[in-house]
Amino acid sequence: MDTQHGTDPAPTVGELGELEVLDRIVRRLPAGTPLVGPGDDCAVLAAPDGRTVVTTDMMVHGPDFRWAWSSPEDIGWKAAATNLSDVAAMGARPTGLVVALAAPQGTPVAVLEGFADGLRLAVDALAPGCGVVGGDLSTSSTFTVAVTAFGDLGGREPVLRSGARAGDVVAVSGELGRAARGLARLFRDGVAANGDPDRAATIASGADADPDVGRQRRPVPPVADGVLAARAGATAMLDLSDGLAIDGGRLARASRVTLDLDPEAVPDAVSLHGGEDHGLLATFPADRALPGGFRRIGTVREHGEHAVLRGGQPVATTGWDPYADWDGAAG
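Residues numbered from 1 in each chain as written. Predicted model: local features only at pLDDT ≥ 70, side-chain atom pairs only at ≥ 80, totals over all residues. Heavy atoms only, no water.

Engineer: Is there a simple way to think about the sheet that holds strand β5 (residues 169-173) in this case?
Structural biologist: Either a parallel or an antiparallel arrangement is found when strands of a sheet pair, and the pairing is made through backbone hydrogen bonds. The 7 strands are arranged β6-β8-β5-β9-β7-β10-β11 in an open sheet whose pairing can be described as mixed. Each edge of the open sheet carries a strand with a single partner, namely β6 (236-240) and β11 (313-314). Contacts from helix α8 (residues 224-231) reach β5, β6 and β8 (279-284) within the one sheet, and its direction differs from that of β8 by about 5°. This element, helix α9 (residues 244-255), spans β6, β7 (257-261), β8, β9 (295-302) and β10 (308-310) of the sheet and lies at about 155° to β6. (Pairing = 2+ DSSP bridges. Helix = DSSP H or I, 4+ residues; strand = E, 2+ residues; numbered from the N terminus. Contact = heavy atoms within 4.5 Å. Axes fitted to C-alpha atoms, helices over the stretch in contact; angles between N-to-C directions.)

Have a look at this one:
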């Protein structure tokens, strides 16, 4: 496999074998504070109030990332960030990650080491104290990552998608549309003449240094704001992985309400439909001060014909869909 990032091609995972590769990876991972960490058949995590939040997410080369556009460290960061944000969306604090990785036999071990470095950097930046507590290695013709994340509710009730009420404030923490703008730039300027993703074109066009491209590679979800939202009495919340319109529609349908978004707060199509920013969408009682980085973007209305409105006008609840063709608007 050619990652196009100048990685030394030797040794490969096939040459070193599972035990040596695992040893090289584990040394680079954040340990966290599990009761039992890597080395046994299972890790053991504390669940102080008897409940555990758990989520899982996959990343596959092709639909989810391209080596021509991302480094191994970028992929490790993104794999952690996408799962940490889901835990935060329940109002929980991330406590551990389990990472399964399948790589072609010819993958340089340095690629897996870079991936592990990305995991560590993301966890340290977004959820200090969380650790990578276990996982698995396998081989596949397609580089594939699966991460399972665990979280602690701290004695609070989980914040579900189904609790929004008419009169609540709609608020978001994090960015809207930057990752989608970055992906659009890559599809426009980071491709060869035949349209395939190309590392040289990405650099030559300046796309490699575009801050929006940086956000596409390494989203920065406001993980700590999940707990703050729960403490502030958020009535509903979810992670904005696929775009504000489609994810807002999910929250609205789960709560049987309509979200009416403010056009000034959501000014364009990419803010509505762009995915992979991994911000937090939440609803709060109108008399509550918004916590952390949350800002008001709309109001919850009584259940109506449409799940999402913008300035009173219906919005198509579309966004990123891994089974649909990429349309330039979603991540």
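Engineer: Could you clarify how one ought to interpret the nonpolar core in this entry?
Structural biologist: A general trend in soluble globular proteins is that nonpolar side chains are found buried together. Counting residues in hydrophobic clusters, the biggest one holds 46 residues, and the most contacted among them are Leu84, Leu97, Phe115, Phe143, Val145, Phe284 and Phe294. Mapped by element, the contributors of at least two residues to this core are β1 (53-60), α3 (72-89), β2 (93-103), α4 (109-126), β3 (131-139), β4 (144-152), α8 and β8. (Core = buried A, V, L, I, M, F, W, Y, C linked by side-chain atoms within 4.5 Å. Buried < 20%, exposed > 50% of the residue type's maximum accessible area, 1.4 Å probe, protein only.)

Engineer: Just to check I follow, could you spell out the pairing of β8 for this structure?
Structural biologist: Regular strands place their side chains on alternate faces of the sheet. Burial analysis of β8 places 6 of its 6 residues in the buried class, the great majority of the element. Every second residue of β8 is oriented toward a common face, with Gly279, Leu281 and Thr283 on one face and Leu280, Ala282 and Phe284 on the other, all of them buried. Note: β5 against β8, 5 bridges, orientation antiparallel. Following the sheet pairing, Val172 is matched in β8 by Leu281. Strand direction decides the pairing type here: β6 and β8, joined by 5 bridges, are antiparallel. Among the inter-strand pairings, Ala236 is bridged to a residue of β8, identified as Thr283.

Engineer: I would appreciate a short explanation of the sheet that holds β1 in the present structure.
Structural biologist: Spatially, the 4 strands line up as an open sheet ordered β1-β4-β2-β3, and their pairing is mixed. Both outer strands of the open sheet, β1 and β3, are each paired with one neighbouring strand and no more. In this sheet, adjacent strand axes meet at a mean angle of 15° when their direction is disregarded. Relative to β4, β1 is paired through 8 bridges, and the arrangement is antiparallel. If you follow Val53 over to β4, its bridge partner there is Gly151. Packed on one face of the sheet, α4 meets β2, β3 and β4 and runs near 165° to β2.

Engineer: Just checking my understanding: could you explain the confidence of the model for the protein for this structure?
Structural biologist: A low pLDDT means the predicted coordinates there should not be read in detail. A residue-level look at the protein finds 85% of positions with pLDDT of 70 or above and a mean pLDDT of 89. Every residue in residues 325-331 scores below 50 in pLDDT, and together they form 21 contacts with partners more than four places removed in sequence or on other chains. (pLDDT = per-residue confidence, 0-100.)

Engineer: Is there a simple way to explain the side chain of Arg156 in this structure?
Structural biologist: By the secondary structure assignment, Arg156 is in the loop between β4 and β5. No salt bridge is formed by the buried Arg156. Its closest oppositely charged neighbour is Asp152, at 6.7 Å. Filtering out sequence-adjacent residues up to four positions away, Arg156 remains in contact with Asp49, Arg51, Gly91, Val227, Ala230 and Arg231. (Lys, Arg positive; Asp, Glu negative; His and termini not counted. Salt bridge = Lys/Arg side-chain N within 4 Å of Asp/Glu carboxyl O.)

Engineer: What am I meant to see in the packing of α3 against α4 here?
Structural biologist: Working note: a packed helix pair is described by the angle between its axes plus the distance between those axes. Following both chains from N to C, one finds α3 and α4 inclined at 40°, their axes separated by 6 Å at the closest point. The orientation of α3 relative to α4 falls into the category oblique. Where α3 crosses over α4, the two elements pack in a sense that is right-handed. Here Pro72, Glu73, Ile75, Gly76, Trp77, Ala79, Ala80, Ala81 and Leu84 of α3 come into contact with α4, specifically with Val111, Gly114, Phe115, Asp117, Gly118, Leu119, Leu121, Ala122, Val123, Ala125 and Leu126. (Parallel < 35°, antiparallel > 145°, perpendicular 65-115°, else oblique. Left-handed = near helix turned anticlockwise from the far one by under 90°.)

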